[in-house]
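Breakdown of the fold
One-letter residues, chain by chain:
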2 protein chains.
Amino acid sequence: MCELLGMSANVPTDICFSFTGLVQRGGHTGPHKDGWGITFYEGKGCRSFKDPAPSAESEIAKMVLNYPIKSCAVVSHIRQANRGGVSLENTHPFTRELWGENWTYAHNGQLKDYELLDTGFYHPIGQTDSELAFCWILEQLRQHYPQKPPQMQEVFGFIASLADQLRQLGVFNMLLSNGEYVMAYCSNNLHWITRRAPFGQARLQDADVTVDFQTQTTPDDVVTVVATQPLTSNESWQRMASGEYTVFYLGELVMNRVQAS
Amino acid sequence: MCELLGMSANVPTDICFSFTGLVQRGGHTGPHKDGWGITFYEGKGCRSFKDPAPSAESEIAKMVLNYPIKSCAVVSHIRQANRGGVSLENTHPFTRELWGENWTYAHNGQLKDYELLDTGFYHPIGQTDSELAFCWILEQLRQHYPQKPPQMQEVFGFIASLADQLRQLGVFNMLLSNGEYVMAYCSNNLHWITRRAPFGQARLQDADVTVDFQTQTTPDDVVTVVATQPLTSNESWQRMASGEYTVFYLGELVMNRVQAS
């Protein structure tokens, strides 16, 4: 299993506090020692930092923590390998172009019979079930919508129907973003929290770190964090149900299906 | 104009010395202040560091210099914007998947009438002539070779014929790699050097830095560096002719066409 971390915000926000908690689980407080990655959007562009080394020991993870990059959409992942060896090409998140946009994806879980999925144009580069499932999602999207449709809610509904199919093949918790929207699909393990004024203090579960968000925000800031397990011990996180999905835009929840039909 | 830097080596080699020289040209000894990027291959995976900030002032460039990443294939670029604004999505190198491989590309020059190029499946994400030309190259490759052919020399010959067409639209100096091969195509400005035993000292042109390669190498190491302008002042670089292309594999020159037919 792996752990996912995502963020959606209405102002460029650094994810250092949450990422500090997550990297502890990569070989320190958790067993996810087979690599980590994080993708930050900046306009239509995005930048990824990845390392097949455990995040708790990674020089690049330290660099990311010491140089806070502010973003409105972030997808991150720490890995405990099941399918596919420990290597850079098997390290999440994966980013591919669709409709002239960077789409970024990370998966937690394990699929069987995934080799049968037709990925069409999108060839996997690594050997993971995760990347192959991502290629399949993109191929289905491309076939269904040769052009980007005007209504993105329709698109995320369609993606959810694809995720429902993947969930039949095993465990499929997913984060997906095109830089504007951040979608979370829950198979068995995903939590989220939206922070807004009045901001308070938060204490990490995995490290002796407390942050007072009031000193780091303005009253209009809205920031949602999605994570496999709650990252803080003194806040109330929403637990997602099996088959539930959420879509966030600029920090706000804009779509929510609690249960697959 | 921009500056290109590429490396091909038979053992994982750090590019810190050459990159130290290049980043000086990004806003210090040169005018290329509109961003920079570098992509390192590691097996089938690759990692990119990019910043729309001038490289001479970039925190991320400092991180890359302080954390030497060893690789057998590297593509780097510093930018002086002509077409497309200064933003992350317009920052080279660009990486896209073809035949299940990461292909990485950087361009120096400027094209006219590039909007007419049919990029088919590959939609540009940013607004540069460079990325659009890359998408066109990939689309032509895909149409010509739906599967990866066994003879890569044939592929690079075909890519050169595409580059010949792009050169008709303006200035087209290019670096291109799939992680195994590094190709350099020269329109008007590109130099290369192969270093092998007996190794000597090299002195950067753009910074007061000298390196003794003999202390950093084994007798079997072969390392080729390609750059817009020679990076060192006491070595003999090969100047490429207009229409010439070179392909390097594990540091060795494996293809060379001196002039377009």
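What you are looking at is a predicted structure, and each value in this text was computed from that prediction instead of being measured.

1. A closer look at the overall build of chain A
If you tally the helices and strands in chain A, you get four helices and 15 strands. Its C-alpha atoms give chain A a radius of gyration of 17 Å, near enough to 18 Å, the size a compact globule of 261 residues would have. The buried share among the 261 residues of chain A stands at 49%. Taking all contacts inside chain A whose residues are at least 6 apart in sequence as the whole, residues at least 24 apart take part in 69%.

2. Brief notes about helix 3 (residues 129-144) of chain B
Relative to the 22 Å expected for 16 residues at 1.5 Å per residue, helix 3 of chain B spans 22 Å between its end C-alpha atoms, a close match to the ideal helical length. Considered for burial, the residues of helix 3 of chain B that qualify are B:Asp129, B:Ser130, B:Glu131, B:Leu132, B:Ala133, B:Phe134, B:Cys135, B:Trp136, B:Ile137, B:Leu138 and B:Leu141.

3. Some thoughts on the interface of chain A and chain B
Think of interface size as the accessible area that goes away when the parts come together; that is how it is often given. With 25 residues of chain A at the interface, the matching set in chain B holds 25 residues. Those elements that place two or more of their residues in the side of chain A that touches chain B are strand 3 (45-51), helix 2 (59-66), strand 5 (94-98) and strand 6 (101-108) of chain A. For the side of chain A that touches chain B, the class distribution of residues is eight nonpolar, eight polar and nine charged.

4. What about the confidence of the model for chain A?
On average, residues of chain A carry a pLDDT of 92, and 98% of them reach 70 or more. Scored by ipTM, the complex comes to 0.92, with pTM at 0.94.

5. Here's the deal with the relation of the copies chain A and chain B
At an RMSD of 0.0 Å, chain A and chain B line up after a rotation of 180° and a shift of 0.0 Å along the axis. Put plainly, the chains are arranged around a two-fold axis. Mapped onto chain B, 100% of the interface residues of chain A again fall at the interface, so both copies present the same surface.

6. Regarding the environment of B:Glu131
Residue and element names in this part refer to chain B. Position of Glu131 relative to the elements: it lies in helix 3. The class of Glu131 is buried, set by 26 C-beta atoms lying within 10 Å. For the pair Glu131 and Asn90, spaced 41 residues apart in the sequence, the C-alpha separation amounts to 7.8 Å. With residues near it in sequence (within four places) discarded, Glu131 still touches Phe94, Pro124, Ile125 and Gly126.

Rules used in this analysis
Residues numbered from 1 in each chain as written. Chains lettered and ligands numbered in written order. Predicted model: local features only at pLDDT ≥ 70, side-chain atom pairs only at ≥ 80, totals over all residues. Helix = DSSP H or I, 4+ residues; strand = E, 2+ residues; numbered from the N terminus. Rg over C-alpha atoms; globule rule 2.2 N^0.38 Å. Buried ≥ 20, exposed ≤ 12 C-beta atoms within 10 Å, placed from the backbone. Contact = placed C-beta atoms within 7 Å. Expected span 1.5 Å × (residues − 1). Nonpolar A, V, L, I, M, F, W, Y, C, P; charged D, E, K, R; others polar. pLDDT = per-residue confidence, 0-100. Least-squares fit on C-alpha atoms with pLDDT ≥ 70 in both.

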